[in-house]
Amino acid sequence: MALIITPESETPTRTVTINFTTAKELVTVVTGVPSTYTLPQTVADEAAAIALLEAMDMSDITLTANSGVALKLKWEYSGSEFNNASGQSNNFTWTVVKAEDDSEITAAGGVTATGTTAVTNYTISTEAGISALTYQVAGGSKETISPVNEDPSTNDVTVAFGTKSITVSITPTDAKATVSLTDQPTEHGTLVDGVTSYETPVLEAFKFTITAEDGTTKKNFIIKFTVDKEKITAVTVPATYKLPEAATDEAAAIAMLADMEGVVIKTNGVAPTKLNWTYDKSNNGNSEYTNEGGKTNVFSWSAVRSDAGDALEAAAGVTI
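Residues numbered from 1 in each chain as written. Predicted model: local features only at pLDDT ≥ 70, side-chain atom pairs only at ≥ 80, totals over all residues. Heavy atoms only, no water.

J.: I'm lost on the overall build of the chain in this one. Help?
T.: If you tally the helices and strands in the chain, you get two helices and 23 strands. Taking 20 Å as the expected radius of gyration for a compact globule of 320 residues, we find that the chain reaches 43 Å, considerably beyond that expectation. Considering only C-alpha atoms, the chain reaches an extent of 155 × 65 × 30 Å along its principal axes. The buried share of the chain, taken over its 320 residues, is 29%. The contacts in the chain between residues at least 6 apart in sequence include a share of 65% that link residues at least 24 apart. Accessible area for the chain stands at about 19,400 Å²; split by element, carbon and sulfur atoms hold 48% of it. In the chain, 20 side chains carry a positive charge and 40 a negative one; their mean positions are 6 Å apart. (Helix = DSSP H or I, 4+ residues; strand = E, 2+ residues; numbered from the N terminus. Rg over C-alpha atoms; globule rule 2.2 N^0.38 Å. Buried < 20%, exposed > 50% of the residue type's maximum accessible area, 1.4 Å probe, protein only. Contact = heavy atoms within 4.5 Å. Areas by Shrake-Rupley, 256 points an atom, 1.4 Å probe, with all protein chains shown as cover. Lys, Arg positive; Asp, Glu negative; His and termini not counted. Charge placed at Lys NZ, Arg CZ, Asp CG, Glu CD.)

This is the structure:
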């Protein structure tokens, strides 16, 4: 561009020439490109690997040009024959290019715009272990089985009397492992957030299998459920009692004791119960029952089933 400068006197004039040079487009910043990288899944060839490299999370990588143009990494396989075995590494070359057309631009001084990354093929897991095993009966809290025994050992669990169904929840150690019923391999339960659950009737042996991601490695587990017996869970009997009328002998007294107020017998089921009363001379100074008015006789009681079913046991800590 030329400028002509004319003074007030109009002479002499001076011509000034200004030359403009456009700055060269350069890559000015390249940071965060990894020297090693593990693919998120197993691939069979370099093309599939490049597809995953192009989808790499770029949040930690910075690519900047002085022109402001968008940049990306262009990947190429730099080895001979691609090794597609699980866990094997292959070298890939990356180059910073324009995102719009893959064209290369020169790197500014001190900036490296190309390099090599050792890319490891995803390693398929052989982990078939279990990290958590729980069960829950309807209306109850979730209970943890720990430690967990592998088949042929069993994991023995006793559930409350009357339990009809149980929810079993299984969490494999590896999130990519799968869970199935051992005798029904196609039954995979309900999977939510890495936890597989089954609703099952009370089985003597609930069997399940964890299969590793490799599809070959397996571990089997057995939960042995036992339903607790019906038991007496609480007994309340007044320590003293006044008969509502005079009793001529212990039989008459026992007949009245059957209607004693304040007696409470609880069970974990529905079996009918009652108190059995007996008169024992050893508890009464080795004396016979006395029907004298105002005198005290000591009777012993025991809580029992009142129908023809199996005898009821006492729950832990309960006196019957």
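J.: Help me out: how do you make sense of helix H2 (residues 250-257) in this one?
T.: For an α-helix, 3.6 residues make a turn, and residues three or four places apart therefore share a direction. Burial in H2 covers these residues: Ala 253, Met 256 and Leu 257. Seen end-on, H2 carries its buried residues on one side only, within an arc spanning 105°. Residues of H2 that are buried make contact with strand E21 (273-279) and strand E22 (299-305). Two or three places before Ala 251, at the start of H2, stands the capping residue Asp 249, its side-chain oxygen 3.2 Å from that residue's backbone nitrogen. (Arc of directions from axis to C-beta. Polar contact = N/O pair within 3.5 Å; in protein donor to acceptor, adjacent residues only side chain to side chain.)

J.: For this particular structure, what's the right way to read the packing of aromatic side chains?
T.: Ring pairs (aromatic) are described by centroid distance and by the angle formed between their planes. Across all of its chains, the model carries 10 aromatic pairs by this definition. Centre to centre, the rings of Tyr 198 and Phe 206 are 5.9 Å apart; their planes meet at 65°, and the pair counts as edge-to-face. For the pair formed by Tyr 198 and Phe 206, the shared burial category is buried. One aromatic cluster is present, built from ring pairs that chain together Tyr 198, Phe 206, Phe 208 and Phe 221. (Phe/Tyr/Trp six-rings, centres within 6.5 Å; stacked < 30°, edge-to-face > 60°.)

J.: Looking at this model, I keep getting lost on the pattern of salt bridges. Mind explaining?
T.: Pairs can form between side chains of opposite charge once their charged atoms are near each other. Per the stated rule, a full pass over the model turns up six salt bridges. The residue Glu 25 makes a salt bridge to Lys 98 at a minimum N-O spacing of 2.9 Å. Placement of the pair is Glu 25 in the loop between strand E2 (14-17) and strand E3 (26-31) and Lys 98 in strand E7 (residues 89-98), with a sequence separation of 73 residues. The class of Glu 25 is partly exposed, set by a relative accessible area of 25%. (Salt bridge = Lys/Arg side-chain N within 4 Å of Asp/Glu carboxyl O.)

J.: How should I be thinking about helix H1 (residues 46-54) in this particular structure?
T.: Those residues of H1 lying buried are Ala 49, Ile 50, Leu 52 and Leu 53. Looking straight down H1, one finds that the buried residues subtend no more than 160° of arc, so they occupy a single side. Away from its buried face by more than 90 degrees, H1 exposes Ala 47 and Glu 54. Packing partners of the buried residues in H1 comprise strand E4 (36-38), strand E6 (71-77), E7 and strand E9 (114-120).

J.: Please explain the nonpolar core as it appears in this structure.
T.: Membership of the largest hydrophobic core comes to 27 residues, with the highest contact counts inside it found for Val 30, Leu 71, Leu 73, Trp 75, Phe 92 and Val 96. Only E3, H1, strand E5 (62-65), E6 and E7 provide two or more residues apiece to this core. Within the second largest apolar cluster, 21 residues are counted, among which are Ile 130, Val 159, Phe 208 and Ala 212. (Core = buried A, V, L, I, M, F, W, Y, C linked by side-chain atoms within 4.5 Å.)

J.: Which parts of the structure should I look at to understand the environment of Thr 158?
T.: Residue placement: Thr 158 occurs in strand E12 (residues 155-159). Here Thr 158 falls in the exposed class, since its relative accessible area comes to 51%. It is 9.8 Å that separates the C-alpha atoms of Thr 158 and Lys 229, two residues lying 71 residues apart in sequence. Each residue touching Thr 158, except ones within four places of it in the same chain, is listed here: Tyr 135, Thr 226 and Asp 228.

J.: Got a minute to help me understand the side chain of Asn 297 in this structure?
T.: Relative to the helices and strands, Asn 297 is located in the loop between E21 and E22. Polar contacts involving the side chain of Asn 297 include one to the main-chain carbonyl oxygen of Thr 290, which spans 3.0 Å.

J.: Help me understand the sheet that holds E12, please; the structure alone is not making it clear to me.
T.: Across a sheet, paired strands are connected by hydrogen bonds in the backbone, their directions being either parallel or antiparallel. Pairing within the open sheet is mixed, and its four strands lie in the order E12-E18-E17-E14. Every interior strand has two partners, whereas the edge strands, E12 and strand E14 (178-181), have only one. Direction aside, the axes of adjacent strands within the sheet are offset by 25° on average. Here E12 pairs with strand E18 (residues 218-227) via five bridges, running parallel. Each residue of the ladder has a partner; that of Val 159, found in E18, is Val 227. (Pairing = 2+ DSSP bridges. Axes fitted to C-alpha atoms, helices over the stretch in contact; angles between N-to-C directions.)

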